[in-house]
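# Architecture at a glance
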Amino acid sequence: MMLTINSAIDCHDRLLQTESVAFDASTTNEYFSVTWFSDWEGYGCVALKDIDKHTLIHVEKPFLKGRQIDQAIDLHNSGDLESHLDDKEYLKNTCGKSKKDIDNLWQLHDQYSSSSKRLWGIISSNSFSNQDKDYAKRLYLTTSRFNHSCSPNCGYDFDDWNIRIYSLRKIKAGETLCISYSDVIYFFPRDVRRSYLIGAMRFECACTRCDVATDSAVSDENRKRLKKIAAELKHRVNSTLYNAEFCMQVGEVAKRMSSKDVHIELKILPSTSSTKQQQRQLELLREKVRLRKLSKTIPTGQHDIDLIVEYINIAEREKVDFDMLPVYRLAYDVALEAGTSVPPKEYWAQRYLELITCAKGPDHPETLRFVKEISVGL
């Protein structure tokens, strides 16, 4: 049955009426429990029951946020917080935290120390940020228990300072609930991802997609294709899916780590002379320029929708459909500009509204703006 803008708005209204009250972060909720895995893995979150796709499973207020975190880092850098005891006094006297909450904080991972944990180390290892608050940091006690995967089954977004975690697909009872700690999961092959996560975040990923005992060739090619599609969409319709600066950072970290003994075997290019390498690079650059010029001659419309559909299909197959809001929004904008497309703008409006209502909340300003936007055409 063809989806319509009316059905998308009806879906939003139903979710608005059934939106759950924020969960208490200090207790296990109906969807998951925090469980001890091992000394190496630490704590993690496990599904208590089967969970449907796009189910809101956790909402949490920050334990520390904004100025509290900035001040803690400044005091650490200046030497005023120079010990574990100083950190505890800061949390108690300056931030007004209870002994119970402070004790829970010290159970979180500190990537810089396992014996004498420090507040700055826990913040560096577990804090979140996003553009809604000018990238101000926030720290959550329960959310920090969600482990990383390069094929996560949970996504997250923010409503004001609160974090909202939701399922990306159907999850079976007993499955470990994972989010992604970095955008490196989208566009890079296994060896580069593992190198980056060790170099930039100080942990060695052992998720199913990074298991060195499995063949990653197909998965690696899929993620490279995602990168190419994202780059072309940035060139054609100025999409935000591709961040050239971040991709360069990943490459630099991976290159730096490849020269160290980190137990990761990076792919080595065949040995060729410097002149041949330069000629080959020049040929590749010329081919990219030629393809970009050719691509630019194609009017905005079905070609871009086809690229987006391919992107979504690969992301879902690779289970990296972690942050699809900008993808669905881009598809809607392109379909709206083109006038006609397959799938049509109503389809993309439905997908975008369903996800943003779950991810950010039915009364979030962005959700309400989109409802108003698509209502204008009725």
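Thresholds, definitions, all that
- Residues numbered from 1 in each chain as written.
- Predicted model: local features only at pLDDT ≥ 70, side-chain atom pairs only at ≥ 80, totals over all residues.
- Heavy atoms only, no water.
- Pairing = 2+ DSSP bridges.
- Helix = DSSP H or I, 4+ residues; strand = E, 2+ residues; numbered from the N terminus.
- Axes fitted to C-alpha atoms, helices over the stretch in contact; angles between N-to-C directions.
- Contact = heavy atoms within 4.5 Å.
- Salt bridge = Lys/Arg side-chain N within 4 Å of Asp/Glu carboxyl O.
- Buried < 20%, exposed > 50% of the residue type's maximum accessible area, 1.4 Å probe, protein only.
- Disulfide = S-S within 2.5 Å.
- Parallel < 35°, antiparallel > 145°, perpendicular 65-115°, else oblique.
- Nonpolar A, V, L, I, M, F, W, Y, C, P; charged D, E, K, R; others polar.
- Left-handed = near helix turned anticlockwise from the far one by under 90°.
- pLDDT = per-residue confidence, 0-100.
- Phe/Tyr/Trp six-rings, centres within 6.5 Å; stacked < 30°, edge-to-face > 60°.
- Lys NZ or Arg CZ within 6 Å of the ring centre and 35° of its normal.
- Core = buried A, V, L, I, M, F, W, Y, C linked by side-chain atoms within 4.5 Å.

With that settled, consider the sheet that holds strand 3 (residues 56–60). With respect to topology, 3 strands assemble into an open sheet ordered 3-8-7, the strand pairing being antiparallel. For this open sheet the edge positions go to strand 3 and strand 7 (154–159), each flanked by a neighbour on one side alone. Each neighbouring strand pair of the sheet contributes to a mean axis angle of 20°, computed without reference to strand direction. Judged from the 6 bridges that link them, strand 7 and strand 8 (residues 162–167) form a sheet pairing that is antiparallel. In the strand pairing of strand 8, Gly155 is matched with Tyr166. Lying over the sheet, helix 12 (residues 345–359) contacts strand 3, strand 7 and strand 8, oriented at roughly 130° with respect to strand 8.

A separate point is the sheet that holds strand 9 (residues 176–179). Strand order in the open sheet formed by 4 strands is 1-2-9-6, with mixed pairing between adjacent strands. The sheet is open, and its two edges are formed by strand 1 (32–38) and strand 6 (147–148), each paired on a single side. Note that strand 2 (residues 42–47) and strand 9 share 2 bridges and pair antiparallel. The residue of strand 9 that forms the bridge with Cys45 is Leu177.

Take the pattern of salt bridges next. Considering all chains together, one arrives at 19 salt bridges under this definition. The salt bridge involving Lys133 is made with Asp160; its shortest N-O contact spans 2.9 Å. Here Asp160 lies in the loop between strand 7 and strand 8 and Lys133 lies in the loop between helix 5 (119–126) and strand 5 (138–139), a separation of 27 residues in the sequence. Look at Asp160 and you get partly exposed, because its relative accessible area is 43%. Linking Lys224 and Glu221 is a salt bridge whose minimum nitrogen-to-oxygen distance equals 3.6 Å. Of the two residues, Lys224 and Glu221 are both situated in helix 7 (residues 217–237); the distance of 3 residues between them amounts to about one turn of the helix. When its relative accessible area of 34% is taken as the criterion, Lys224 is described as partly exposed. Look at the salt bridges and you will find they share partners, linking Asp132, Asp157, Lys360 and Glu366 into a network.

In the structure shown here, the tally under the stated rule is 0 disulfides. We note that Cys178 lacks a disulfide partner, and the nearest cysteine sulfur, in Cys154, lies 7.7 Å from it. Overall, the relative accessible area of 12% leaves Cys178 in the buried class. Between Cys207, a cysteine without a disulfide, and Cys205, which holds the nearest cysteine sulfur, the sulfur-to-sulfur distance is 3.5 Å.

The contact between helix 6 (residues 190–201) and helix 8 (residues 244–258) brings their axes to 8 Å, and the two run at 85°. Regarding the angle of helix 6 to helix 8, the classification is roughly perpendicular. Contacts from Val192, Ser195, Tyr196, Ile198, Gly199 and Ala200 of helix 6 reach helix 8 at Phe246, Val250, Val253, Ala254, Arg256 and Met257. Here the contact of helix 6 with helix 8 is composed, by residue class, of 9 nonpolar, 2 polar and 1 charged.

In contact at an axis separation of 10 Å, helix 12 and helix 13 (residues 365–375) are set at 155° when each is read in the N-to-C sense. As summarised for this structure, helix 12 and helix 13 are arranged roughly antiparallel, according to the angle between their axes. The two elements helix 12 and helix 13 cross, and the hand of that crossing is left-handed. Within the contact between the two elements, helix 12 uses Ala349, Tyr352, Leu353, Ile356 and Thr357 and helix 13 uses Glu366, Thr367, Phe370, Val371 and Ile374. Across the contact of helix 12 with helix 13, the residue classes break down as 7 nonpolar, 2 polar and 1 charged.

For the protein chain, per-residue confidence averages 86 on the pLDDT scale, and 82% of positions sit at 70 or higher. Mean pLDDT values for the elements of the protein chain range from 52 in helix 1 (residues 5–18) up to 98 in strand 5. For residues 14–27, every residue scores under 50 in pLDDT, and the model assigns this stretch 18 contacts once sequence neighbours within four places are set aside.

So, on to the packing of aromatic side chains. Think of a pair of aromatic rings as described by two things: how far the centres are apart, and how the planes are tilted against each other in angle. All chains considered together, the criterion is met by 16 aromatic pairs. A ring pair is formed by Tyr156 and Phe158, whose centres lie 5.8 Å apart and whose planes are at 75°; its orientation type is edge-to-face. Taking relative accessible area as the criterion, Tyr156 reaches 21% and is therefore assigned partly exposed. Among the aromatic residues, those joined into a ring-pair cluster are Phe128, Tyr140, Tyr156, Phe158 and Phe322. Seen from the ring of Phe158, Arg138 lies directly overhead, with NZ or CZ sitting 4.6 Å from the centre. Across from the ring centre of Tyr352, 5.8 Å away, lies the NZ or CZ of Arg329, which sits over that ring.

Let's shift gears to the nonpolar core. Of all hydrophobic cores here, the largest spans 73 residues; its most connected members are Ile57, Phe146, Leu177, Val184, Phe187, Tyr311 and Trp348. Setting aside chain neighbours within four positions, we find Phe146 in contact with Phe32, Cys45, Ile57, Ile165, Leu177, Ile179 and Tyr181. Counting 17 residues, the second largest nonpolar core, distinct from the first, contains Tyr90, Cys95, Ile102 and Ile122.

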